Amino acid sequence: ALIRDYSRPGDLVCDPCAGGGTTLLAAVQTGRRAVGAEMDPQTHAKAAARLANAKVTVDWLDAPNAVQEALL
């Protein structure tokens, strides 16, 4: 419902903390484009597999190879 309420078909939905890919999946299934990132390699792999099994294509930022710099 959030994807439908706050975006239009064809819009780009960005999920910087994609987790299991639920938002990305909902975006693609409702006619949006999707891009996501996930820092945890295991979670990223699970989400990528889930999206592949659903036969949807999303753009992933290079999260598995990214390095989180110290914030302080």
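Scroll up for the structure.
Residues numbered from 1 in each chain as written. Predicted model: local features only at pLDDT ≥ 70, side-chain atom pairs only at ≥ 80, totals over all residues. Heavy atoms only, no water.

**A word on the overall build of the chain**
Looking only at helices and strands, the chain has three helices and three strands in total. Order of helices (α) and strands (β) in the chain, N terminus to C terminus: α-β-α-β-α-β. A separation threshold of at least 6 residues defines the contact pool for the chain, and within that pool the share at least 24 residues apart is 43%. On the chain, roughly 5000 Å² of surface is accessible, and the fraction owed to carbon and sulfur atoms is 55%. (Helix = DSSP H or I, 4+ residues; strand = E, 2+ residues; numbered from the N terminus. Contact = heavy atoms within 4.5 Å. Areas by Shrake-Rupley, 256 points an atom, 1.4 Å probe, with all protein chains shown as cover.)

**A short note on unusual backbone geometry**
The phi torsion at Lys 55 lies on the positive side, around 60°, for a residue other than glycine. Residue placement: Lys 55 occurs in the loop between helix 3 (41-53) and strand 3 (59-60). Given the relative accessible area of 75%, Lys 55 is considered exposed. (Buried < 20%, exposed > 50% of the residue type's maximum accessible area, 1.4 Å probe, protein only.)

**As for helix 2 (residues 22-29)**
Among the residues making up helix 2, those that are buried are Leu 24, Leu 25 and Ala 27. When helix 2 is viewed along its axis, its buried side chains cluster within an angular range of 160° and face the same direction. Considering only its buried residues, helix 2 is in contact with helix 1 (2-6), strand 1 (12-15), strand 2 (33-36), helix 3 and strand 3. Where helix 2 ends, the next residue or the one after it, Gly 31, has phi of about 85°, a positive value. (Arc of directions from axis to C-beta.)

**A short note on the nonpolar core**
Counting 10 residues, the largest nonpolar core consists of Ile 3, Val 13, Ala 18, Leu 24, Leu 25, Ala 27, Ala 34, Leu 51, Val 56 and Val 58. No other element matches the three residues that helix 2 contributes to this core. What Val 56 contacts, discounting residues up to four positions off in sequence, is Leu 25, Val 28 and Leu 51. (Core = buried A, V, L, I, M, F, W, Y, C linked by side-chain atoms within 4.5 Å.)

**Description of the side chain of Glu 38**
Counting through the fold element by element, Glu 38 comes out in the loop between strand 2 and helix 3. The side chain of Glu 38 sits in the buried core without any salt bridge; Lys 46 is the nearest counter-charge, 11 Å away. Within the local environment of Glu 38, its side chain forms a polar contact with the backbone nitrogen of Gly 19, the two atoms lying 2.7 Å apart. Here Asp 40 takes part through its backbone nitrogen, which lies 3.2 Å from a polar atom of the side chain of Glu 38. (Lys, Arg positive; Asp, Glu negative; His and termini not counted. Salt bridge = Lys/Arg side-chain N within 4 Å of Asp/Glu carboxyl O. Polar contact = N/O pair within 3.5 Å; in protein donor to acceptor, adjacent residues only side chain to side chain.)

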